[in-house]
Amino acid sequence: MSETPLSETPLSETPLSIRAEALDARDTEDGLGKLRDRFSLPPGLVYLDGNSLGALPAAVPGRVADVVAREWGELLIRSWDESGWWTAPERIGDRIAPLVGAAPGRIVVGDSTSVNLFKALVGAARLAAATTDGGRDELLVDATTFPTDGYIAASAARMTGLKVVPVEPAAVPAALGPRTAAVLLNHVDYRTGRLHDLPGLTAAIRAAGALSVWDLCHSAGALPVDLEEHGVDLAVGCTYKYLNGGPGSPAYLYVAGRHQAGFDSPLPGWNSHADPFAMTPGYVPADGARRGRVGTPDILSMLALEAALDVWEGVSVADVRRKSLALTDFFLECVEAYVPGGKVETVTPAAHAERGSQVSLRTENASAVMRELIARGVVGDFRAPDVLRFGFTPLYVGFADAERAARTLGHIYG
Ligand SMILES: *Cc1c(COP(=O)(O)O)cnc(C)c1O
């Protein structure tokens, strides 16, 4: 990225750029705009890829340096107690909880999303087998899912004797029945940016006597989730997208309070034992969120994430959602104004109720177009075969970024 020419040509004023400036000024005055200073972003770069890798919160490098030099270098093994390393997975889970509407004590942080999906799906299959009358042998899986979810679901189903039934999210209510054990859904479609109806689908799944497992990778930190309010059974999500935890930062697992005592993890490592330091041969699971742990947590990544979460202090998810919709609306308006007709097709739903925090545009030669955008200082990403993705992270993306991205895209076609 070092050779990317940033702001090499200042763009001239247009009615849209003047509006963008006014919107940003108001947002800095009384909205989320002031949070942009809490991130380290290269000057002049328009970064619309926070749905893949969130930007670096400015406080993280200092915190990581302290963890390495003092907590590891000087305190050494004492840090497991004295620096709070041992309790970090649940402590940080409780920091994520308000962002997804979870009660305290329900979320554990650790491992990747893929691994947590495995725990959640096998856990859901075992809960379904233990709590229902039997005969439930189907695992409905979002047919449009991010690939890892589908691969893991196939293996989890094979291990637990379930049959995978691929279903489009909107078709889930019609596919539910007395054979459904559990349903795995993505809250936001990673490719199109479509937001699925978590409250309605969760209610339908529950009414059918099945368990819901939601993947929140593209919604946590971008829009309200409200896990408790809607009665979600299990959920997973990653922290390196809208939560800005850093590359490969640990993911999280949510298990509803009513299921915690019955949750039977398929990866019962010693960290999830009721008394791990007794080092006994017999496994006794810990109570609560800690049951979702596996082995020794990845402390450096975990504590980088904890420092990254400080930017959320005092931030309301409702405000994030409001700004996210305003940004994607404005970006779509700018694309309409700047991009010659017929060059791009919007695949993200126009209806707010169906839109996540990204805009996906279908175009010819999408991969080459995205390379050119990046060369001109506008970073989004490309998803095969023909999609340009632009993620809008309300904590550090502004209206001028949206305007410049759309105008640059227009120049590429112009
Ligand atoms: C990003 C993403 C993942 C990532 O999984 P990892 O195990 O972190 O690689 C999984 N599911 C969805 C829906 C995602 O968007």
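Only a predicted model underlies this, so the values are computations on that prediction, with no experimental measurement involved. (Residues numbered from 1 in each chain as written. Predicted model: local features only at pLDDT ≥ 70, side-chain atom pairs only at ≥ 80, totals over all residues. Heavy atoms only, no water.)

Before going further, it helps to examine the domain arrangement of the chain. You can read the domains of the chain as domain 1 (16-58 + 316-413) and domain 2 (86-312). For domain 1 and domain 2, the distance between their C-alpha centroids amounts to 29 Å. Of the residues lining the interface, 32 residues belong to domain 1; the matching set on domain 2 comes to 24 residues. For the pair domain 1 and domain 2, the summed buried surface comes to about 2,200 Å²; carbon and sulfur atoms form 60% of the total. A salt bridge links Arg194 to Glu354, with the shortest nitrogen-to-oxygen separation between them at 3.0 Å. Counting across the interface, domain 1 meets domain 2 through 12 residue pairs in polar contact (both at pLDDT 80 or more). Ranked by the residues each element gives to the side of domain 1 that touches domain 2, the list is headed by helix 12 (residues 317-338), at 4 residues. Within the side of domain 1 that touches domain 2, the residues separate by chemical class into 15 nonpolar, 11 polar and 6 charged. (Domains from an automatic or database assignment. Contact = heavy atoms within 4.5 Å. Buried area = accessible area lost by both parts, 1.4 Å probe. Salt bridge = Lys/Arg side-chain N within 4 Å of Asp/Glu carboxyl O. Polar contact = N/O pair within 3.5 Å; in protein donor to acceptor, adjacent residues only side chain to side chain. Helix = DSSP H or I, 4+ residues; strand = E, 2+ residues; numbered from the N terminus. Nonpolar A, V, L, I, M, F, W, Y, C, P; charged D, E, K, R; others polar.)

This next bit is on the site of the ligand. Inspection of the region around the ligand gives Ser112, Thr113, Ser114, Phe146, Thr148, Asp149, Asn186, Asp215, Cys217, His218, Tyr240 and Lys241 as its neighbouring residues. Between the ligand and the protein, one listed contact pairs an oxygen atom with a backbone N or O atom of Thr113 at 3.4 Å. Here a nitrogen atom of the ligand and a side-chain polar atom of Asp215 are 2.9 Å apart. Secondary structure elements with two or more residues in the shell around the ligand: helix 5 (113-131) and helix 6 (147-160). (Near = heavy atom within 4 Å.)

Time to look at the UniProt feature "binding site: pyridoxal 5'-phosphate" (unreviewed entry) in the chain. Residues annotated in UniProt with the feature "binding site: pyridoxal 5'-phosphate" (unreviewed entry) correspond here to Thr113, Ser114, Phe146, Pro147, Thr148, Asp149, Asp215, His218, Tyr240, Trp270 and Thr296. A maximum C-alpha distance of 30.8 Å is found for the annotated residues, which run over 184 residues; spatially they are spread out rather than grouped. Locating Thr148 in the fold gives a position in helix 6. When near neighbours in sequence (up to four residues on either side) are disregarded, Thr148 contacts Ser114 and Leu117. Among the polar contacts made by the side chain of Thr148, one reaches the side chain of Ser114 at a distance of 2.9 Å. With respect to the helices, strands and loops of the structure, Asp149 is situated in helix 6. Setting aside residues up to four positions removed in sequence, Asp149 forms contacts with Leu117, Leu184, Asn186 and Asp215. (UniProt positions renumbered as here; feature names shortened; annotations may be inferred.)

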